[in-house]
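Residue-level structure breakdown
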Amino acid sequence: MASLFSSLFGARRRSKATQTERVRERRHEGFLRYANFRWAKISGGLCLLIIVSYALIDVTPRHNGGSWYGYTLGTLGAGLILWLTALGYRKRKMTSDYWSLKAWTSAHVYLGLSLMVIGTWHTGFQLGWNVHTLAWALMMLVILSGLYGIIVYATLPQALSNNRDEMTQMQMLEAIRAFDRQLHAAAQPLTPQDTAPVLKALDEDPFAGGIGARLSGRYPRCATAAALHALAGRERATPRRARRWSGCSRRNRRRSDGCASISGSARCSKSGFMCMCR
Amino acid sequence: MTSKVEWKPLPTEAVKVAIIGSGPAGLSAASRAGQLGLSHVLLEKTDHLSDTIFKYQKGKRVLATPDRLDLRSDCRFAEGAREYILGNWDDDANTNKVYAVKQAEVTEVTGQKGAFEIKTSKGVVKAENIVLAIGTQGNPNRMRCPGNDLPHIIYTVDDPEDFKDKHITVVGSGDAGIENALGVAEEALENTVTILNRSKDFARAKAKNVSDMMEAGENGFMSIRTETQPKAVEPGWLTLETPTGEEKIQCDVIVARLGSVAPRGFVEAMGIEFTGPDREAFPKLSPTFESTVPGIFVIGALAGYPLIKHCMNQGYDVVEFINGNTGLTPADEKDLAAIFANLPQKISVSEWLEFFRQRVRIFSEVSPLQMREFMLDSKATHYRTGEIVFEKDEPGSSLFAIADGHAVVEIGGGATVKIEQGSIFGEVGLISGRKRGATIRAGEDSIFIEVSRTAALKLMAGVPGAKRVIERISLERQLLQIFRGGLTVEDLQPVVDQAQVERVSAGKVVLTEGEQGDDVYVIRSGSMVVEKDIGGKPIFLRYLPAGSFFGEMGVLSGQPRNATVKAAVGSELIKLTGESFRKMLAAKPKVREATEAAVAERAQMNSFIEARKANYSSAVDMYSDTASFIMKEGLGEATDALLIDENLCVGCDNCEKACADSHEGLSRLDREAGKTFAHLHVPTSCRHCEHPHCMADCPPNVIHRGPDGEVFMEPGCIGCGNCMRNCPYGVIRMEAAPPEKPSLIRWLLTGFGPGPGEPSPKWTKKKLGEEKPKKIAVKCDMCKGIADGPACVRACPTGAAIRVSPEEFLSIARLEEDAD
């Protein structure tokens, strides 16, 4: 393990002296792979040590949370929990000393996972309907939520990047406003009967619907979908497609093709219909 | 505000000195004349003093830089609000008995020293001497329609936020007009903005400005009216002449941006010569500010001194000179004395200046006045034998001149080269902005003068002789460094004599694959990309930074060019003819060997990539496409750029927050903005260019390159915005630092106040109340002084953000890893 830490202290301390040779990375390296899986190795070793020592150490009458061994693991676990919560503070506190949030995240992930072993082995597998087991179950729940977090961190960024399509949040909001203005203008010649659903769609908060709708992608009371349904007649717009930020939004923003000429038809060649819906 | 000055009628008798222009320089000169009891007249074209500062927005803070310079004037000047400074000057003009004449615009100057005739809009003035202190603002072109003298027509927009809920019409469709229109058309200001263009298209403006304007037009933020011009101005209304007839629109403010007449033509008409034809040239002046026309003196911004303090000191000095005070030492004498204080010999400042002028080749054509200016930005240091001046790979962009003794260059392998007295060194950093190429020591007890980059560039622009010497020496050195093997300056003579400097714009092809040719090129500034057509697709082979050479394969083999070379960014190349190059190689077999070895290495790499292409086509294509994307984004001139891997970026904006919190509360990067290719995102963030565009025109000279290669700003920014406009990547903001935020713990526990990162403008505004702090330029300093490196990278939780140079990022190792 000495080699694991040597690079951490030796090399980096040197850089302080020269100031000209900063620690630089030439390639992107994710938090899971950080320093060639340093924290995965440390945390794996820790788990192994606990499992082996648990088997070798004879605690009378049997392993449980109240034995000296159980207390040792319990203290270690409690300390770890406190340290794990410190990430929330650490990531918001910019200080000028040596630290890297990526290293912290990496350690947080792997040491957090090792808590499953530390916590469970601390119990001596004495689980039952009591407050101790409740605490253990809640801890496991938190760890599982962390696992979900890792999956999200690993898979969503690509989709985020693709969906964003080089637009910034401000530009997206601006695009929605522009569509609203265009729709408003385009609805001018319509009869009051036809105008009503358009106005209703315009009045709707583009981010309404609550968390259920956001997570499921279903908007049963979407006024825009209703307006499309009412006005399109023959053309049945499929709500799912209409809700996507597709390439169409950029097209509309740049107004480089027919999609822009809202007066003729509000249709985009790519997504089939108005893509202004969220 | 109204002027408190006691204006006088035009003098009927000849005066000793006529001062044209009542800015800081002119007013200070007139005040000195008034104090000395010299017959004088101060001619001002408007009805108030100091028009440029008068036109600043209400309450704007005027800074008094440089701090180290003492003020020597009969007028007061210290940092303060515009009203305070103008009020002081009005009072000072009266107490100093200044004979000021308003609304006397000078149209023509005739005669010679002792008997000048100055034609003004009020009549003719006779004067023995003239002091020109007209600044560089020029006269804005006025609107020509009826009503063009109404007060709601303005010629500049200092702060768009001064306009809220107004009907604003911008006349003129150049960059200035479009930028003003975009500024006031900001949605939050709720202005109704119209921009008028006499013709159909916007040919005079930058493409970026035009597209921004078109977008704003489409989004309904402004109405763009082409082939339209103003016909009549009335308070509140404007009549337009449109292709379909006349139209009257509501209009509370007219911003007229119709260009201006630069003062140069007026100055040249008097017979005053300039140092050169460029826009940056200044009138040629003697140490007493006298121009090439005897009796006409030029001071202030027009003479090349844009800072108020300089101007005021010069006003004082020039009148003393005219009054016959030859013993006056300039106000900067004590600063110069401080610069020379550590030198072993104890002689006077003027003796030192003369000593340097006579001994150093690049100073030989410099006037004593310019010499003072350069020395103020320079350091004169005494080195003992063997003392290191700078080390190899140290960043630095200053130029050293050897005034006494000699320097020794370590060229590797224990070998050294001597640089004689009178010569220069360090010019590579000056020209390409790269790190030092070799370690330099003092060969004996020596005196070296270190000239800052800005001063050196000013020297090159102002003194053609100095420019020639620097360019010649730098070319010789560059060639010596590239082609080793016992080459001497004499061997290079024929090559250098035939060398030509070529400027190429970004994307221009220099060599085309398959063509015949034997010229060899050395990249002086900028960078190149080498591409080869493999399987019908141009494949990126190599990135060539400044200081490398190409085209040598053609000379050695006589074969057609085997790859295409084009400029990644605007670059300067030195073209050496194949014939002279071949002769040099023939004379020096060792150089030929070294060159052949370099060629072999490059050829090997080419064949490596070609072989990869056959086996791992997609990996090579990806590498090549990534390289082209990076070059297209202008990273060819970067030394250190922020690159985000969007496979890892979760969009938490912690980089921006960390940036703001590591500095004074303002973020220097915009993560979301910028282009993306294959999930590689180039955010809006400083790239620390090799040749920083921001450095080009900084009046107080506060932008420098630091020890880690970072381009940073030291305190002293005057908020002129030149750097922001010059940056092609839009990474410099003009912003005032927000007030102190409550502590992080308090925010975490209570949720009150802004959290980490830049506070919202709303919060800042509420906190500041009526106070309007001065906006200054804010740019990335690569977290200078923080040993662990840039905060944006350190604060990335997933490792998505890194800072790299293009050559590090596009190393061949990357391709190998991708392919494996």
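Residues numbered from 1 in each chain as written. Chains lettered and ligands numbered in written order. Predicted model: local features only at pLDDT ≥ 70, side-chain atom pairs only at ≥ 80, totals over all residues. Heavy atoms only, no water.

Quick word on the pattern of salt bridges
Residues and elements named next belong to chain B. Per the counting criterion, the structure on display carries 49 salt bridges over all chains. For Glu476, the salt bridge identified is with Arg472, shortest N-O distance 3.2 Å. In this pair, Glu476 and Arg472 are both assigned in helix α13 (residues 464-482), 4 residues apart and thus about one turn of the helix distant. Overall, the relative accessible area of 28% leaves Arg472 in the partly exposed class. Here Arg803 and Asp640 are joined by a salt bridge, their closest N and O atoms 2.6 Å apart. Within this pair, whereas Arg803 is found in strand β43 (residues 801-804), its partner Asp640 is found in the loop between α18 (617-632) and β36 (641-645), the two being separated by 163 residues in sequence. When sorted by exposure, Arg803 lands in the same class as Asp640, which is buried. Put simply, Glu471, Arg503, Arg524 and Glu572 are held in one network by salt bridges that share partners. (Salt bridge = Lys/Arg side-chain N within 4 Å of Asp/Glu carboxyl O. Helix = DSSP H or I, 4+ residues; strand = E, 2+ residues; numbered from the N terminus. Buried < 20%, exposed > 50% of the residue type's maximum accessible area, 1.4 Å probe, protein only.)

Regarding a nonpolar patch on the surface
Residues and elements named next belong to chain A. A cluster of nonpolar side chains, Val131, Leu134, Leu138, Leu141, Leu144 and Leu147, forms an exposed patch at the surface whose accessible area comes to about 570 Å². Following the sequence through the fold, Val131 ends up in helix α5 (residues 131-164). Look at Val131 and you get exposed, because its relative accessible area is 59%. (Patch = residues over 30% accessible without salt bridge, like charges linked within 9 Å, V, L, I, M, F, W, Y side chains within 5 Å. Areas by Shrake-Rupley, 256 points an atom, 1.4 Å probe, with all protein chains shown as cover.)

Here's the deal with the domain arrangement of chain B
Residues and elements named next belong to chain B. Partitioning chain B into structural domains gives domain 1 (15-138 + 262-322), domain 2 (153-259), domain 3 (333-463), domain 4 (494-629) and domain 5 (630-819). Counting from both sides, the interface comprises 5 residues of domain 2 and, opposite them, 4 residues of domain 5. Summing the contributions of domain 2 and of domain 5, the shared interface buries around 280 Å²; its carbon and sulfur component is 17%. Linking domain 2 with domain 5 are 0 residue pairs in polar contact (both at pLDDT 80 or more), by the criterion used here. (Domains from an automatic or database assignment. Contact = heavy atoms within 4.5 Å. Buried area = accessible area lost by both parts, 1.4 Å probe. Polar contact = N/O pair within 3.5 Å; in protein donor to acceptor, adjacent residues only side chain to side chain.)

Some points on the sheet that holds strand β13 (residues 222-226) of chain B
All names here are of chain B. The strand order across the open sheet built from 5 strands is β10-β17-β11-β12-β13, with neighbouring strands paired in parallel fashion. Looking at strand neighbours, the two that pair on one side only are β10 (153-154) and β13, the edges of this open sheet. Sheet topology places strand β11 (residues 167-171) next to strand β12 (residues 192-197); 5 bridges connect them, and they run parallel. Bridging from a neighbouring strand, Val170 pairs with Ile195 of β12. Running over the sheet, helix α4 (residues 175-184) touches β11, β12, β13 and β17 (253-256) and is turned about 165° from β12. (Pairing = 2+ DSSP bridges. Axes fitted to C-alpha atoms, helices over the stretch in contact; angles between N-to-C directions.)

Regarding the side chain of Glu656 of chain B
All names here are of chain B. Looking at where Glu656 falls in the secondary structure, it is placed in helix α19 (residues 654-662). There is no salt bridge for the buried Glu656, and the closest opposite charge comes from Arg671, which lies 5.0 Å off by N-O distance. At 2.7 Å, the side chain of Glu656 and the backbone nitrogen of Arg671 are in polar contact. (Lys, Arg positive; Asp, Glu negative; His and termini not counted.)

Things to note about the packing of aromatic side chains
Taken as a whole and assessed by the stated rule, the structure comprises 22 aromatic pairs over all chains. A centroid spacing of 6.4 Å and a plane angle of 75° characterise the contact between Tyr54 of chain A and Trp121 of chain A, whose relative ring orientation is edge-to-face. Placement of the pair is Tyr54 of chain A in helix α2 (residues 34-56) and Trp121 of chain A in helix α4 (residues 101-123), with a sequence separation of 67 residues. Between the aromatic rings of Trp83 of chain A and Trp104 of chain A, the centroid separation amounts to 5.2 Å while the plane-to-plane angle is 20°, which identifies the pairing as stacked. Taken together, the residues span a long stretch of sequence, with Trp83 of chain A in helix α3 (residues 68-90) and Trp104 of chain A in helix α4 at a distance of 21 residues. The partly exposed category is assigned to Trp104 of chain A, whose relative accessible area is 22%. Here a set of aromatic residues connected by ring pairs shows up, and it is made of Tyr54, Trp68, Tyr69, Trp121 and Phe125 of chain A. Here the guanidinium or amino end of Arg687 of chain B rests over the ring plane of Tyr729 of chain B, the centre of that ring lying 3.9 Å away. (Phe/Tyr/Trp six-rings, centres within 6.5 Å; stacked < 30°, edge-to-face > 60°. Lys NZ or Arg CZ within 6 Å of the ring centre and 35° of its normal.)

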